[in-house]
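# Structure at a glance
Chain by chain, the residues run as shown.
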Amino acid sequence: MTTETSTAPLHGLRVLDLATLFAGPLAAMMLGDFGADVVKVEHPRKPDPSRGHGPAKDGIGLWWKVLGRNKRAITLDLSSPGGRDTLLALAADADVIVENFRPGTLERWGLGWEELSTVNPRLVLARVTGFGQFGPYAHRPGFGTLAEAMSGFAAITGEPDGPPTLPPFGLADSIAALATAYAVMTALTARTTTGRGQVVDMAIIEPMLSVIGPHPLWYDQLGYVQPRTGNRSRNNAPRNTYRTADGSWVAVSTSAQSIAERVLRLVGRPELIDEPWFADGTGRAEHADVLDEAVGSWIARHTRDEAMAAFEKAEAAIAPVYDVRDVMDDPQYQALRTVTEVQDPELGPIKMQNVLFRLSETPGGIRWSGRPHGADTTAVLSELGLTPAEIDALREQGAV
């Protein structure tokens, strides 16, 4: 999916992405997907580590092709005088800077909020760190894994008799990226009224805590601490994954009372609907063993296709448990164009997730995949007004 930049909703917005691994760069990518001119700034000799994360093809990191899409790639050593001065010159014409250095690092380089806001009072500075800009943990190194642990997510994930379980992907970073993109757009909207930019202080531990639900309220009011329940929910049942006759797996959800009743009629156990405890989700959750046996035994006698067809006919909620191969072949994902093909100059046609949402009038799009390290340094610095001789001098200094 592509779109003309001039028709994209964020056309004209300039973003400097100074961040690495993964929340900050992902937030910048989301802005770029909808037309922002995102300039990815990397150290001349230490590229963003995401270029080397995960599988590679022909020595080219594949994760970067997604994370770096719609970004122009330049190099600057921000700790050097030449790099500092160049960044300040870029900041003077930017709308947003996204960074994830430990608190105090930019200040040590002479690139703190005081200096940045002096050259550009309308600038929005998004600071994405593990623990935020202040507090007793602010200077600790922080990653998404720590947020998944500290937010309470890991404590409630896994089987009741098993260990706390971490996700096998960057869940906390991804949630923080969404929150950062939202925060940036909020700050930019405020700028239209105040005429001034501001600092966004995003601690990765906080969005993760927000999405796990009302656990702080439950504890505050009831002293309740949710235990690990595996695939079950403490709020409703039946809710689990079930194995089909052909060895596949399906997931069933009955968050709505009417859906729970339809499921029990479908599996031939309508008498359970008349039980007093069946009248609400909490009561059903307390009798999950009975309900899982009823649903699981019925699904075990049917293939995945049979179970899916029967549930769909009954207007009950079910989904197959997919791996990535199933995702790529699924007709609903294909209809939505959730996975799209992008032409990459290094690898040829490659497939990746499309933009997050569809806008009817000003859609986003993927204009290009992640660029080679420093590929656009000369072009961006030339746009800044630097002459070829000045750019060469910065290279000789090691600043770019």
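None of the values given here were measured: they were computed from a predicted structure. (Residues numbered from 1 in each chain as written. Predicted model: local features only at pLDDT ≥ 70, side-chain atom pairs only at ≥ 80, totals over all residues. Heavy atoms only, no water.)

### Some points on the layout of surface pockets
Of the pockets and cavities examined, the largest pocket occupies roughly 1,600 Å³. Lining the largest pocket we find 45 residues, and of these Leu26, Trp63, Val66, Met352 and Gln353 sit closest to its centre. If one sorts the elements of the lining of the largest pocket by residue count, helix 2 (residues 62-67) sits on top with 5 residues. (1 Å grid on protein atoms, 1.4 Å probe; cavity = no way out; pocket = protein on both sides within 12 Å on 5 of 7 lines; lining within 4 Å. Points joined across faces, edges and corners; volume = space filled by probe spheres on them. Helix = DSSP H or I, 4+ residues; strand = E, 2+ residues; numbered from the N terminus.)

### Let's talk about the sheet that holds strand 9 (residues 240-243)
Consider a sheet: its strands pair through backbone hydrogen bonds, and that pairing is either parallel or antiparallel. Reading across from one edge, 9-10-11 is the order of the 3 strands in this open sheet, with antiparallel pairing throughout. Looking at which strands have only one partner, the edges of the open sheet turn out to be strand 9 and strand 11 (318-320). For this sheet the average axis-to-axis angle between neighbouring strands, irrespective of direction, equals 30 degrees. Sheet analysis places strand 9 next to strand 10 (residues 249-252), joined by 4 bridges and oriented antiparallel. Bridge pairing in strand 10 links Thr241 to Ala251. Docked against the sheet, helix 13 (residues 288-300) engages strand 9 and strand 10, running at close to 35 degrees with respect to strand 9. Sheet strands touched by helix 14 (residues 304-313): strand 10 and strand 11. Its angle to strand 11, the strand with the most contacts, is close to 155 degrees. (Pairing = 2+ DSSP bridges. Axes fitted to C-alpha atoms, helices over the stretch in contact; angles between N-to-C directions. Contact = heavy atoms within 4.5 Å.)

### Considering the packing of aromatic side chains
Given two aromatic rings, one states the distance between the centres and the angle between the planes to describe the pair. With the rule as written, the count across this model stands at 7 aromatic pairs. The ring centre of Phe278 lies 5.7 Å from the NZ or CZ of Arg284, which sits over that ring. The ring of Trp368 carries the charged tip of Arg367 above its face, separated from the ring centre by 5.1 Å. (Phe/Tyr/Trp six-rings, centres within 6.5 Å; stacked < 30°, edge-to-face > 60°. Lys NZ or Arg CZ within 6 Å of the ring centre and 35° of its normal.)

### A short note on the nonpolar core
If you look at the biggest cluster of nonpolar residues, it comprises 38 residues, and the most contacted ones within it are Val15, Ala36, Val96, Val98 and Ile204. Among the elements of the structure, helix 1 (23-33), strand 6 (96-99), strand 7 (124-129), helix 8 (171-194), strand 8 (199-203) and strand 13 (348-353) are those that each provide at least two residues to this core. With residues up to four places along the chain from it excluded, the contact list for Val96 reads Arg14, Val15, Leu16, Leu123, Val124, Val184 and Leu188. With 24 residues, the next largest nonpolar core counts Leu76, Ala94, Val380 and Ala399 among its residues. (Core = buried A, V, L, I, M, F, W, Y, C linked by side-chain atoms within 4.5 Å. Buried < 20%, exposed > 50% of the residue type's maximum accessible area, 1.4 Å probe, protein only.)

### Overview of the pairing of strand 1 (residues 14-17)
Looking down a regular strand, the side chains alternate between one sheet face and the other. Side-chain alternation along strand 1 places Arg14 and Leu16 on one buried face and Val15 and Asp17 on a second face that is also buried. In this sheet, strand 2 (residues 37-42) lies alongside strand 1 in parallel orientation, the contact comprising 4 bridges. If you follow Arg14 over to strand 2, its bridge partner there is Asp37. In this region the chain leaves strand 1, passes through helix 1 and returns to the parallel neighbour strand 2; the handedness of that crossover is right-handed. As judged from the 3 bridges shared by strand 1 and strand 6, these two strands associate in the parallel manner. Note on strand 6: the bridge partner recorded for Leu16 is Ile97. (Right-handed = clockwise from strand over helix to strand, strands pointing away.)

### Considerations on the sheet that holds strand 5 (residues 71-75)
Here 6 strands make up an open sheet; going across it, the order is 5-2-1-6-7-8 and the pairing parallel. Unpaired on one side and paired on the other, strand 5 and strand 8 mark the two borders of the sheet. Ignoring which end each strand starts from, the neighbouring axes of this sheet average 20 degrees apart. In the sheet, strand 6 pairs with strand 7 via 4 bridges, with the strands oriented parallel. Bridge pairing links Glu99 to Arg127 in strand 7. Across the face of the sheet, helix 8 comes into contact with strand 6, strand 7 and strand 8 while running at roughly 165 degrees to strand 8.

### A look at the packing of helix 1 against helix 8
Where helix 1 meets helix 8, the closest approach of the two axes is 8 Å, and the angle between their N-to-C directions is 50 degrees. With respect to helix 8, the element helix 1 is oriented oblique. By crossing handedness, the relation of helix 1 to helix 8 is classed as right-handed. Mapping the contact onto sequence places Ala23, Leu26, Ala27, Met30 and Leu31 in helix 1 and Asp173, Ser174, Ala176, Ala177, Leu178, Thr180, Ala181, Val184 and Met185 in helix 8. (Parallel < 35°, antiparallel > 145°, perpendicular 65-115°, else oblique. Left-handed = near helix turned anticlockwise from the far one by under 90°.)

Nothing here speaks to function; it is geometry throughout.
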